[in-house]
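One letter stands for each residue in the lines below.
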Amino acid sequence: MIEDPRDRIEAARSHRVRRLNQVVAAVRSGIPAEAAALVEAIYNDVAPDLHDAAVRSVNAQLRYAFDRGLLQEPTSSGRRR
């Protein structure tokens, strides 16, 4: 049983915000906006057997960042719009 769910929820939310900020910063620094490249660059604290899940998470973070205007979505030519 979780004794203090509010603390647990806030910790999870804070972790997600930190990861989103890492993804945005990495793309802005020149790492391609591709989940696998970003996982390799920033998820070095995660066991390799969890990288598939991390790729799914980064794909969601990228979609969020594009939709919210935090990042510009690349065009088919690879340039940012």
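Residues numbered from 1 in each chain as written. Predicted model: local features only at pLDDT ≥ 70, side-chain atom pairs only at ≥ 80, totals over all residues. Heavy atoms only, no water.

Colleague: I'm lost on helix H1 (residues 5-28) in this one. Help?
Modeller: Note on helix geometry: an α-helix contains 3.6 residues per turn, so any two residues three or four positions apart are oriented the same way. For H1, which comprises 24 residues, the first-to-last C-alpha distance of 35 Å matches the rise-based estimate of 34 Å (1.5 Å per residue) to within 8%. Among all positions of H1, only Arg19, Leu20, Val23, Val24, Ala26 and Val27 are buried. Buried residues along H1 sit against helix H2 (35-42) and helix H3 (51-67). (Helix = DSSP H or I, 4+ residues; strand = E, 2+ residues; numbered from the N terminus. Expected span 1.5 Å × (residues − 1). Buried < 20%, exposed > 50% of the residue type's maximum accessible area, 1.4 Å probe, protein only. Contact = heavy atoms within 4.5 Å.)

Colleague: Please explain the nonpolar core as it appears in this structure.
Modeller: Considering soluble globular proteins, one finds that nonpolar side chains tend to be buried as a cluster. If you look at the biggest cluster of nonpolar residues, it comprises 17 residues, and the most contacted ones within it are Val23, Val27, Leu38, Tyr43, Val58, Leu62 and Leu71. At the level of elements, H1, H2 and H3 are the ones that each hand at least two residues to this core. Filtering out sequence-adjacent residues up to four positions away, Leu38 remains in contact with Val23, Ala26, Val27, Ile31, Pro32, Ala33, Tyr43, Val58 and Leu62. (Core = buried A, V, L, I, M, F, W, Y, C linked by side-chain atoms within 4.5 Å.)

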